[in-house]
Amino acid sequence: MALVLPRPAEASLTAVLVLATAIWVGGLITIFVVARVARATLGAAEQVAFFRGLGRAYGLVGGSALATALASGAVLASQYRWDGPLAAGTAVAAALVATTTTGVTQARRMTRLRQDALRDPGSTELAAKVRRGARNAAALRTTIAALSLALLALGTVIAT
């Protein structure tokens with residue numbers, strides 16, 4: 001049985017969902033832009049410090065936005081019959097949470113690895129690990145963005 005929300009509650013939850021989604025997706029786009037500028041203008045040590053601070057600050061904002069979007073979306077989705085798009089949306093949401101969690105963990109490892117590489121600039125082993133980790137980080141960021149857009153599209157399909 002589907003949940004029936006009063007119209008004002010549905011409108012309020014929809015507004016919260018739109019705002020939280022805008023913060024999450026806007027934050028992802030902003031991080032892509034900021035990363036390009038920071039890499040082009042900051043030295044290696046400054047980049048490590050900058051991205052560590054950015055990650056900590058954005059982690060709170062982005063994590064809260066994602067949690068809020070998922071929670072409000074789940075309540076709104078409970079008004080609909082369980083079907084293919086709703087099941088797909090649930091799977092994509094779970095994959096997004098898992099991939100984002102993996103990305104946060106990997107970013108923390110990369111900070112430590114980059115700090116180690118700065119302390120030992122002649123280490124080819126550390127340099128190779130940094131390059132490999134950077135490729136993995138790019139793949140994770142791309143996956144997070146793709147899952148976010150897929151969830152947005154599925155949410156639109158479910159709501160219409």
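Described below are features of the structure shown in this document. As the structure is a computational prediction, the values presented were derived from the model and not from experiment.

Once that is clear, we can look at the layout of surface pockets. Taken as a whole, the largest pocket spans an internal volume of roughly 1,300 Å³. Elements represented by at least two residues in the lining of the largest pocket include exactly α1 (7–41), α2 (44–77), α3 (84–119) and α4 (124–159). Among the residues forming the lining of the largest pocket, the class breakdown is 22 nonpolar, 10 polar and eight charged. L17, A69, G73, L151 and G155 are, among the 29 residues lining the second largest pocket, the residues nearest its centre. Elements that contribute at least two residues to the lining of the second largest pocket include exactly α1, α2, α3 and α4. Here the lining of the second largest pocket takes eight residues from α4, the largest share from any one element. Its residues assigned to classes, the lining of the second largest pocket shows 19 nonpolar, nine polar and one charged.

Further remarks concern the nonpolar core. General note: in soluble globular proteins, nonpolar side chains tend to be found buried as a group. Ranked by size, the top nonpolar core spans 13 residues in total, and within it W24, V92, L96, I144 and L151 carry the most contacts. Sorting the residues of this core by element identifies α1, α2, α3 and α4 as the ones contributing at least two each. For this core, the element with the highest residue contribution is α4, accounting for four residues. In contact with L151, other than residues within four places in its own chain, are L70, G89, V92, A93 and L96. In this structure, M110, L113, A117 and L126 belong to the second largest nonpolar core, which totals five residues.

A few words on the packing of α2 against α3. Following both chains from N to C, one finds α2 and α3 inclined at 165°, their axes separated by 11 Å at the closest point. Considering the angle they form, α2 stands roughly antiparallel to α3. In the crossing of α2 with α3, the sense of the turn from one axis to the other is left-handed. Counting all contacts with α2, which are made through A44, A45, V48, R52, L66, L70 and A77, the residues of α3 involved are L86, A93, L96, V97, T100, T111, R114, Q115 and L118. Of the residues in the contact of α2 with α3, the class split is 11 nonpolar, three polar and two charged.

On the surface, L19, I23, L60 and V61 cluster together into a nonpolar patch covering about 380 Å² of accessible area. Taken together, the elements giving at least two residues each to the nonpolar patch come down to α1 and α2.

A separate point is α1. With 35 residues, α1 should cover 51 Å at 1.5 Å per step; its first-to-last C-alpha distance of 50 Å lies within 8% of that length. Three or more residues of α1 are buried, namely E10, A20, T21, W24, V25, G27, L28, A35 and A38. Contact partners of the buried residues in α1: α2, α3 and α4.

One pass over the full model with this rule turns up one aromatic pair. On the numbers, 5.3 Å between centres and 75° between planes, the contact of F50 with F51 is edge-to-face. Of the residues examined, F50 reaches a relative accessible area of 33% and is grouped as partly exposed.

Turning next to the pattern of salt bridges. If you walk through the whole model with that rule in mind, you get three salt bridges. When the shortest N-O distance is used, the salt bridge between E10 and R7 registers 3.1 Å. Taken as a pair, E10 and R7 lie in helix α1 at a separation of three residues, close to a single helical turn.

Further remarks concern the packing of α1 against α4. Closest axis-to-axis distance for the α1/α4 pair is 11 Å, and the angle between their directions is 150°. Classified by the angle their axes make, α1 and α4 are roughly antiparallel. α4 is crossed by α1, and the crossing has left-handed handedness. Contact residues: α1 offers T21, W24, L28 and F32, while α4 offers R141, I144, A145, S148 and L152. Residues that form the contact of α1 with α4 fall into these classes: six nonpolar, two polar and one charged.

About the criteria used
- Residues numbered from 1 in each chain as written.
- Predicted model: local features only at pLDDT ≥ 70, side-chain atom pairs only at ≥ 80, totals over all residues.
- Heavy atoms only, no water.
- 1 Å grid on protein atoms, 1.4 Å probe; cavity = no way out; pocket = protein on both sides within 12 Å on 5 of 7 lines; lining within 4 Å.
- Points joined across faces, edges and corners; volume = space filled by probe spheres on them.
- Helix = DSSP H or I, 4+ residues; strand = E, 2+ residues; numbered from the N terminus.
- Nonpolar A, V, L, I, M, F, W, Y, C, P; charged D, E, K, R; others polar.
- Core = buried A, V, L, I, M, F, W, Y, C linked by side-chain atoms within 4.5 Å.
- Buried < 20%, exposed > 50% of the residue type's maximum accessible area, 1.4 Å probe, protein only.
- Contact = heavy atoms within 4.5 Å.
- Axes fitted to C-alpha atoms, helices over the stretch in contact; angles between N-to-C directions.
- Parallel < 35°, antiparallel > 145°, perpendicular 65-115°, else oblique.
- Left-handed = near helix turned anticlockwise from the far one by under 90°.
- Patch = residues over 30% accessible without salt bridge, like charges linked within 9 Å, V, L, I, M, F, W, Y side chains within 5 Å.
- Areas by Shrake-Rupley, 256 points an atom, 1.4 Å probe, with all protein chains shown as cover.
- Salt bridge = Lys/Arg side-chain N within 4 Å of Asp/Glu carboxyl O.
- Expected span 1.5 Å × (residues − 1).
- Phe/Tyr/Trp six-rings, centres within 6.5 Å; stacked < 30°, edge-to-face > 60°.

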